[in-house]
Amino acid sequence: MMSWVWRMMLVAVVTLVPGAFMLLVSYLATRTMWEHWRQAQQESLESGVPVSFRDVLATVHLKELVQQARATL
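Keep in mind that this is a model prediction, so the values were computed, not measured. (Residues numbered from 1 in each chain as written. Predicted model: local features only at pLDDT ≥ 70, side-chain atom pairs only at ≥ 80, totals over all residues. Heavy atoms only, no water.)

**Q** Mind showing me how you'd approach the overall build of the protein chain here?
**A** Helices and strands together make up the secondary structure of the protein chain, namely four helices and zero strands. Counted from the first residue to the last, the protein chain has its helices and strands arranged as α-α-α-α. On C-alpha atoms alone, the protein chain measures out to a radius of gyration of 15 Å, which is more than a quarter above the 11 Å that the 2.2 N^0.38 rule sets for 73 residues. Dimensions of the protein chain, computed from C-alpha atoms along their principal axes, come out at roughly 45 × 25 × 15 Å. Counting every position in the protein chain, which comprises 73 residues, the buried fraction comes to 19%. For the protein chain, long-range pairs separated by at least 24 residues make up 58% of all intrachain contacts whose partners lie at least 6 apart in sequence. Summing over all exposed atoms, the protein chain offers an accessible surface of approximately 5900 Å²; the carbon and sulfur share of this is 68%. (Helix = DSSP H or I, 4+ residues; strand = E, 2+ residues; numbered from the N terminus. Rg over C-alpha atoms; globule rule 2.2 N^0.38 Å. Buried < 20%, exposed > 50% of the residue type's maximum accessible area, 1.4 Å probe, protein only. Contact = heavy atoms within 4.5 Å. Areas by Shrake-Rupley, 256 points an atom, 1.4 Å probe, with all protein chains shown as cover.)

Encoded structure:
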C-alpha cells in the first residue's frame, strides 16, 4: 500500500514532467499484460490447451487499465 507522500510525489511527477503520463500508462499496460499472461500460462498448464499472445491481448480491457491507474494514483 502506498503512503500518501508517495502518491503525492507520483501525482506531481505525472502532472509536471513531460511524457510522464505516457510512461505511467505504458507501465500500467505492461503490468496488466504480464498479469494476464501469467494467469493464461497457469490455465494453459492445467488444461493442456496452448495459449498465444493474441489470446491474452484479447482479454485485456481499457476498463482494467483505468482501474489500475486510479488505484495507483
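**Q** Would you take a moment to explain a nonpolar patch on the surface for this structure?
**A** A contiguous nonpolar surface patch, about 610 Å² in accessible area, is contributed by Trp4, Val5, Trp6, Met8 and Met9. By relative accessible area, which is 45% here, Trp6 ends up partly exposed. (Patch = residues over 30% accessible without salt bridge, like charges linked within 9 Å, V, L, I, M, F, W, Y side chains within 5 Å. Salt bridge = Lys/Arg side-chain N within 4 Å of Asp/Glu carboxyl O.)

**Q** Whenever I open this one, the confidence of the model for the protein chain confuses me. Can you help?
**A** Residues shown with low pLDDT carry predicted positions that ought not to be read at fine detail. Averaged over all residues, the pLDDT of the protein chain is 82; the fraction at 70 or higher stands at 95%. Summarising per-element confidence for the protein chain, the mean pLDDT is lowest in helix α4 (residues 62–72) (77) and highest in helix α2 (residues 20–47) (86). (pLDDT = per-residue confidence, 0-100.)

**Q** Please explain the environment of Ala40 as it appears in this structure.
**A** Structurally, Ala40 is set in helix α2. With relative accessibility at 14%, the residue Ala40 sits in the buried group. It is 24 Å that separates the C-alpha atoms of Ala40 and Leu24, two residues lying 16 residues apart in sequence. Apart from residues no more than four positions distant in its own chain, Ala40 is found in contact with Val51 and Val56.

**Q** Help me out: how do you make sense of α2 in this one?
**A** Along an α-helix, residues three or four positions apart point the same way, because every turn accommodates 3.6 residues. With 28 residues, α2 extends 40 Å from end C-alpha to end C-alpha; this agrees with the ideal 40 Å at 1.5 Å per step. Within the span of α2, buried status applies to Ala20, Leu24, Leu28, Thr32, Met33, His36, Ala40 and Ser44. Once α2 ends, the next one or two residues include Gly48, with phi positive near 85°. (Expected span 1.5 Å × (residues − 1).)

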